[in-house]
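# Secondary and tertiary structure notes
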Amino acid sequence: MVARMFGFAAVATCLAMPVFAAVALSDAAGSYTISPAGSSIRFSVGKAGGGGLAGAFASFKGSIRIDNSNVGRSQVNITIFPESVGTGQGRVDAFLRSDAVFDAANNPEIQFRSTSVRRIGETSALVTGRLTARGKTFSEKFTAELAGLKAGTIKFHVTGKVLRSRYGMDVGTPIYSNVVDFDMTLTGRRG
Amino acid sequence: MPTLITNDTTRYGWAAIVLHWLIAAIVIGQFVLGFVMVRLSSQRTAFELIQLHKSFGFLLLGLVILRIAWRLGNAAPALPRSVGPLERRVAPLVHFALYVFQLALPLSGWALVSVSMLEIPSVPFNLFVMPDLPLAESDPAESFWTSAHWYLAYAGIGLVALHIAAALRHHFWLKDTVLTRMLTPSSDHRAE
């Protein structure tokens, strides 16, 4: 029902994207390259007393492959370059890049490789995969909601929570939460 | 038998003595921590030491307020007869200045973290969130309070050094009770 309502809302707001609610998997199937222009990877970390630290990664790449016959065999790979982190405050960015957090000099890439994709609604899926940062790999889950599909372009809104302590990035806890909230818009172009 | 907790006109009581040495240890520790934490190459350790410095700063502020209240509500022991006329006039001024610095140092640090654009919350010893002072955040304000905190620290170190030198002079040179009466409230000191 929620998915249906989402579908109606999407139809109402995105006239360029008809038959949104009843996406035929075959329409979406194919291989996509994530386009930085239409994508963003934002994050926020709550802090003691309210509010939080919010930022985004400006540089990343990746691919989305949607399997024609079995959505569960779909694949998402994303590589984030932590050097590109931006919070609007240069000193915070330098701190995040340093060995206190990302250690971007020695660990220039954060990688996500999906291991399973499970459809949980008409336009949503739970993506499980292996996240590697600072040489540590753990299984993480993200929810992907289809946010647009038209002429060779597919757009997902992806959210998820990651515990930073597991990746050797627990600096500042408990003043800053251990939970990092991710909010991503990923736009893929076919090919 | 009078309690040894409070001061009388001839000696310090335990409360004043404990507060004096506790605050002395924290102040000297804060000087050392403050110098070390801004000279580290590890940003992680620096962050953690800065939070520790803030925690001890708030503890210091609380203890200093308690100490000033205790000082105002208690008798102040008279200086021993061995103290000369010049020192009799200068010592109270130095002591007053020391109280001013004990208050101004943690307050300027609190102002510094309150106006900082980094907006790092103050959570003393990870126990509770200390609100910021109601001051506007800005880079110029942060620079100002950073400088103020540094200059106050330098001046404070000078005063503490003078205070320690005077105490040692009394103990080893003049051989009077100025230092020992701050160690215990023993009635031996009354003989002076």
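Every chain begins its residue count from 1, and numbering advances along the sequence as written. Each chain gets a letter, beginning with A, and each ligand a number, beginning with 1, in the order they are written. Totals for whole chains, interfaces and linings use every residue, but because this is a predicted model, local features are given only for residues with pLDDT of at least 70 and side-chain atom pairs only at 80 or more, for both listing and counting.

This brings us to the UniProt feature "domain: Cytochrome b561 bacterial/Ni-hydrogenase" (unreviewed entry) in chain B. UniProt positions are given in the numbering used here, feature names are shortened, and annotations may be inferred rather than shown by experiment. The UniProt record marks residues 11-184 of chain B with the feature "domain: Cytochrome b561 bacterial/Ni-hydrogenase" (unreviewed entry), using the residue numbering of this structure. Spanning residues 11-184 of chain B, this segment combines 70% helix with 0% strand, and its end C-alpha atoms are found 9 Å apart. Secondary structure counts use DSSP, requiring at least four H or I residues in a row for a helix and at least two E residues in a row for a strand, with both numbered from the N terminus.

With that out of the way, let us pick up the pairing of strand S10 (residues 153-163) of chain A. Residues and elements named next belong to chain A. For two strands to be treated as a pair, DSSP must find at least two bridges joining them. Here strand S9 (residues 136-150) pairs with S10 via 7 bridges, running antiparallel. Looking at S10, one finds that Glu 145 is bridged to His 157. Between the end of S9 and the start of S10, which pair antiparallel, lie 2 residues, with Gly 152 showing a positive phi angle near 80°. With 11 bridges connecting them, S10 and strand S11 (residues 176-190) associate as antiparallel partners.

Let us look at the environment of Ser 116 of chain B. Residues and elements named next belong to chain B. As for its position among the elements, Ser 116 is in the loop between helix H3 (85-115) and helix H4 (139-173). Between the buried cut of 20 or more and the exposed cut of 12 or fewer other C-beta atoms within 10 Å of a residue's own C-beta lies the partly exposed class, and all C-beta atoms are placed from the backbone. Here Ser 116 falls in the partly exposed class, since 18 other C-beta atoms lie within 10 Å of it. Sequence separation between Ser 116 and Pro 140 is 24 residues, and the spatial gap between their C-alpha atoms is 9.4 Å. Setting aside anything within four residues of it in sequence, one finds Ser 116 in contact with Glu 137 and Glu 142. C-beta atoms are first placed from the backbone for all residues, and any pair lying within 7 Å is then listed as a contact.

Here we come to the UniProt feature "transmembrane region" (unreviewed entry) in chain B. Residue and element names in this part refer to chain B. Here the UniProt-annotated "transmembrane region" (unreviewed entry) positions come out as residues 12-38, 50-70, 90-113 and 148-168. Annotation note: span residues 90-113, helix share 100%, strand share 0%, distance between end C-alpha atoms 34 Å. Across residues 148-168, the secondary structure splits into 100% helix and 0% strand, with the terminal C-alpha atoms separated by 30 Å.

The predictor attaches a confidence to each residue, and that confidence, scored 0 to 100, is pLDDT. Residues with a pLDDT of 70 or more make up 96% of chain B, whose mean pLDDT is 93. In the predicted complex, the global pTM is 0.87; the interface-specific ipTM is 0.85.

The subject of this paragraph is the UniProt feature "domain: Lipid/polyisoprenoid-binding YceI-like" (unreviewed entry) in chain A. If you check UniProt for "domain: Lipid/polyisoprenoid-binding YceI-like" (unreviewed entry), the listed places come out as residues 31-189 of chain A in our numbering. Along residues 31-189 of chain A the backbone is 5% helical and 58% strand, and the end-to-end C-alpha distance reaches 8 Å.

Glancing now at the packing of helix H2 (residues 43-73) of chain B against H3 of chain B. Residues and elements named next belong to chain B. In this analysis an axis means a line fitted to C-alpha atoms, helices contributing only their contacting stretch, and an angle means the value between N-to-C directions, from 0 to 180 degrees. Two elements in contact, H2 and H3, have axes separated by 9 Å at closest approach and are oriented at 140°. The interaxial crossing formed by H2 with H3 has left-handed handedness. Contacts from Lys 54, Gly 57, Phe 58, Leu 60, Leu 61, Val 64 and Ile 68 in H2 reach Tyr 99, Gln 102, Leu 103, Pro 106, Leu 107, Gly 109 and Val 113 in H3. Here is the rule for handedness: rotate from the far helix to the near one, and if that takes an anticlockwise turn smaller than a right angle the crossing is left-handed, while a clockwise turn gives right-handed.

Here the focus is the interface of chain A and chain B. The interface of chain A with chain B comprises 14 residues on the first partner and 11 residues on the second. Among the elements that take part in the side of chain A that touches chain B, helix H3 (residues 90-97) of chain A stands out by supplying 3 residues, more than any other. Only Asp, Glu, Lys and Arg are considered charged in this grouping, and only Ala, Val, Leu, Ile, Met, Phe, Trp, Tyr, Cys and Pro are considered nonpolar; every other residue, Gly among them, is considered polar. Taken together, the residues of the side of chain A that touches chain B break down into 7 nonpolar, 4 polar and 3 charged.

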